[in-house]
Amino acid sequence: SYDRYLKGVSQQGIVKASKVFMLDCVTDESREELLKDMEEYPGIAVSVGNKLTEILGLTNANLKKL
């Protein structure tokens, strides 16, 4: 899922990649409501994506510019 996120960043931009990353981490039951929330509040994808990255312990990684 995180590899898919990084690939998405390089190909589609951070917002789109964050949406994909976030949707990979929710249950099917929550997916529709989350999609509606992301339409209303586009910044939520990046905020939650950053938090998921932090939870995974990937915030201290040195990443190359994509």
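This text follows the structure it describes.
A brief report on the enclosed structure follows.

What counts and how
Residues numbered from 1 in each chain as written. Predicted model: local features only at pLDDT ≥ 70, side-chain atom pairs only at ≥ 80, totals over all residues. Heavy atoms only, no water. Axes fitted to C-alpha atoms, helices over the stretch in contact; angles between N-to-C directions. Helix = DSSP H or I, 4+ residues; strand = E, 2+ residues; numbered from the N terminus. Parallel < 35°, antiparallel > 145°, perpendicular 65-115°, else oblique. Left-handed = near helix turned anticlockwise from the far one by under 90°. Contact = heavy atoms within 4.5 Å. Expected span 1.5 Å × (residues − 1). Buried < 20%, exposed > 50% of the residue type's maximum accessible area, 1.4 Å probe, protein only. Arc of directions from axis to C-beta.

A word on the packing of helix 2 (residues 14-23) against helix 4 (residues 43-55)
Helix-helix packing is described using two parameters, namely the angle between the two axes and the distance between the axes.
Okay, so step 1: Packing of helix 2 against helix 4 brings their axes to within 8 Å, and their N-to-C directions diverge by 60°. Comparing their axes, helix 4 and helix 2 come out oblique. Both helix 2 and helix 4 take part in a crossing whose hand is left-handed. Contacts between helix 2 and helix 4 pair Ile14, Val15, Ser18, Lys19, Phe21 and Met22 from the former with Ile44, Ala45, Val46, Val48, Gly49, Leu52 and Thr53 from the latter.

Description of helix 4
Okay, so step 1: Helix length check: helix 4, at 13 residues, gives a terminal C-alpha distance of 19 Å against a target of 18 Å (1.5 Å per residue), a fit within 8%.
Okay, so step 2: Within the span of helix 4, buried status applies to Ala45, Gly49, Leu52 and Thr53. Within helix 4, the buried residues cover an arc of 100° as seen down the axis, which keeps them to one side.
Okay, so step 3: Backbone geometry just downstream of helix 4 places Gly57 in the positive-phi region, at approximately 80°.

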